[in-house]
Amino acid sequence: MSAQIEEAAVDTAPRTGKGGGPPPRPRTGRAARSAPYLLILPAVALTVLLLGWTMLKNGLLSLQNLNKRQLIRHVTEWTGFDNYADTLGSSEFWAVTGRSVVFTAANVVLIMALGCLTGLLLARLGTKLRLLLSLGLVLAWAMPVVAATTVFQWLFDQRFGVVNHVLDQLGWHAMHGYNWTGSQLSTFFVITVLIVWQSVPFVAINLYAATTTIPKELYEAASLDGAGSLKQFTSVTFPFLKPFFLATTFLEVIWVFKAFTQVFAINEGGPDRLTETLPVYAFQEGMGGQHFGMGAAISILTIVILLALTAYYLRLVLKQEEDEL
């Protein structure tokens, strides 16, 4: 009884703040509501400064007829939406767009599949092997894009490439002196291997980090129910990490779709411009063709297409979440 009385006394005792004064009240009003916006204001201002102004200048450039003659004479020729009309009416633009979408889809599927398998492998390895594999993944991920592209150019070189030499030694003598950049499919194969190699570490390491947040009791319960590795992944890992898969896939779609350095450095969109994706196509039309207004219009349309793809993806994700609720 005395214990109950003491608890009641504690509950009914006046709560005081520091120094015996009244307890501090939570901040309310305009200052509290505006605090989050003030915190993100520097990031928003920097984004507008670095990206917004560039987008504005690029948009204005897309409305002009700008080439060598205009540059030399310092003349501005406004053409309205003629560049957009010419681009949208070009069959080549739509061919490049379809090629870019297929290229992005193939790479993202491979990246997510191999990245998830590698991440699950990390979760099952011992400490030493996990550390060794993680170090290799980090080194591959941290390598600069230009440096990695140069290494792959050397690996797949026609005369002195390691890949051709190894395949020849294994008995595939038709690969001796094979030109990997001589056809559309083989060039895309090299680019795909390069992009997947650079992207898998990001997915794998993040997936492994996410698996550490899954309670082990869930795996123990699934194991007691007789679930194997595949069943545990589909019933425990995937449902628990579904937000991770959705967010990572979204990021990989953006990263692959806008990839420029790998595609351009391997063969500059060749042979015969058959491996050009939209970023490379915009560069070739703008800088290569000296028609900067047209290149700017293509880059704006590339952003619009990417936004449309991501909006469609987010719509599917939100619809799926609503169905689950």
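Let us look at the structure shown here. (Residues numbered from 1 in each chain as written. Predicted model: local features only at pLDDT ≥ 70, side-chain atom pairs only at ≥ 80, totals over all residues. Heavy atoms only, no water.)

1. Quick look at the packing of helix H5 (residues 91-124) against helix H6 (residues 127-142)
Two elements in contact, H5 and H6, have axes separated by 9 Å at closest approach and are oriented at 150°. Put simply, H5 runs roughly antiparallel to H6. In the packing of H5 onto H6, the handedness of the crossing is left-handed. For the pair H5 and H6, contact is made by Thr118, Leu121, Leu122 and Ala123 and by Arg130, Leu133, Ser134 and Leu137, respectively. When grouped by side-chain class, the residues that make up the contact of H5 with H6 number five nonpolar, two polar and one charged. (Axes fitted to C-alpha atoms, helices over the stretch in contact; angles between N-to-C directions. Helix = DSSP H or I, 4+ residues; strand = E, 2+ residues; numbered from the N terminus. Parallel < 35°, antiparallel > 145°, perpendicular 65-115°, else oblique. Left-handed = near helix turned anticlockwise from the far one by under 90°. Contact = heavy atoms within 4.5 Å. Nonpolar A, V, L, I, M, F, W, Y, C, P; charged D, E, K, R; others polar.)

2. Quick notes on the packing of aromatic side chains
Going through the model one piece at a time under the given rule, you end up with 16 aromatic pairs. Centroid distance Trp141 to Phe202: 6.0 Å. Interplanar angle 40°. Geometry classified as tilted. Here the residue Trp141 occupies a position in helix H6, and Phe202 occupies one in helix H9 (residues 184-211), the gap between them amounting to 61 residues. By relative accessible area, which is 48% here, Trp141 ends up partly exposed. Residue classification places Phe202 among the partly exposed residues on the basis of a relative accessible area of 23%. Seen in terms of ring centroids, Phe152 and Trp197 are 5.6 Å apart; in terms of plane orientation they differ by 55°. Their pairing is tilted. In this pair, Phe152 is assigned in helix H7 (residues 145-155) and Trp197 in helix H9, connecting sequence segments 45 residues apart. Judged by its relative accessible area of 7%, Phe152 falls in the buried class. Since its relative accessible area comes to 33%, Trp197 is described here as partly exposed. These aromatic residues form a ring-pair network of at least three members: Phe152, Phe156, Tyr178, Trp180, Phe189 and Trp197. (Phe/Tyr/Trp six-rings, centres within 6.5 Å; stacked < 30°, edge-to-face > 60°. Buried < 20%, exposed > 50% of the residue type's maximum accessible area, 1.4 Å probe, protein only.)

3. Side note on the pattern of salt bridges
Evaluated as defined, the whole model comprises three salt bridges. Residues Glu77 and Arg69 are paired through a salt bridge, measuring 2.8 Å at the closest nitrogen-oxygen approach. When the shortest N-O distance is used, the salt bridge between Glu285 and Arg273 registers 3.0 Å. Highlighted residues: Glu285 in helix H14 (residues 278-288) and Arg273 in the loop between helix H13 (261-267) and H14, separated in sequence by twelve residues. Judged by its relative accessible area of 34%, Arg273 falls in the partly exposed class. Each member of the salt-bridge network shares a partner with another, and the members are Arg273, Glu276 and Glu285. (Salt bridge = Lys/Arg side-chain N within 4 Å of Asp/Glu carboxyl O.)

4. Let's talk about unusual backbone geometry
Residue Pro271 is bonded to the preceding Gly270 through a cis peptide linkage, with omega at 5°. Counting through the fold element by element, Pro271 comes out in the loop between H13 and H14. Although it is not a glycine, Glu268 adopts a positive phi angle of roughly 55°. For Glu268, the position within the fold is in the loop between H13 and H14. Here the phi dihedral of Arg273 falls at roughly 60°; this positive angle occurs in a residue that is not glycine.

5. Side note on the side chain of Ser199
With respect to the helices, strands and loops of the structure, Ser199 is situated in helix H9. Judged by its relative accessible area of 3%, Ser199 falls in the buried class. For Ser199, the contacting residues outside a window of four places in its chain are Ile111, Glu252 and Trp255.

6. Brief notes about the side chain of Ser62
Among the secondary structure elements, Ser62 is positioned in the loop between helix H2 (30-61) and helix H3 (68-73). What Ser62 contacts, discounting residues up to four positions off in sequence, is Gly80, Asn83, Tyr84, Gly293, Ala296 and Ala297.

7. Observations regarding the nonpolar core
Counting residues in each nonpolar core, the largest one holds 34 residues, and the members touching the most others are Phe103, Ile195, Leu241 and Phe245. With ten residues, H9 is the largest single contributor of residues to this core. Not counting residues up to four positions away in its chain, the partners in contact with Phe103 are Phe188, Ile191, Thr192, Ile195, Val256, Val263 and Thr277. Counting residues in hydrophobic clusters, the runner-up holds 14 residues, among them Phe93, Leu278, Ala282 and Ile305. (Core = buried A, V, L, I, M, F, W, Y, C linked by side-chain atoms within 4.5 Å.)

8. Observations concerning the environment of Glu285
Sequence separation between Glu285 and Ile298 is 13 residues; the distance between their C-alpha atoms is 8.4 Å. Once residues lying within four places of it in the same chain are set aside, the contact partners of Glu285 are Arg273, Gln290, His291 and Ile298.

9. What about the packing of H9 against helix H12 (residues 242-257)?
For the pair H9 and H12, the least separation of the axes is 11 Å and the interaxial angle reads 160°. On the basis of the axis angle, H9 is roughly antiparallel to H12. Seen from above, H9 lies across H12 with right-handed handedness. Judged by residue contacts, Ile195, Gln198, Ser199, Phe202, Val203, Asn206 and Leu207 of H9 engage Phe244, Phe245, Thr248, Leu251, Glu252, Trp255 and Val256 from H12. The residue inventory of the contact of H9 with H12, partitioned by class, reads nine nonpolar, four polar and one charged.

10. Some details on H7
Among all positions of H7, only Ala148, Thr149 and Phe152 are buried. End-on, the buried residues of H7 take up no more than an arc of 100°, which puts them together on one face. (Arc of directions from axis to C-beta.)

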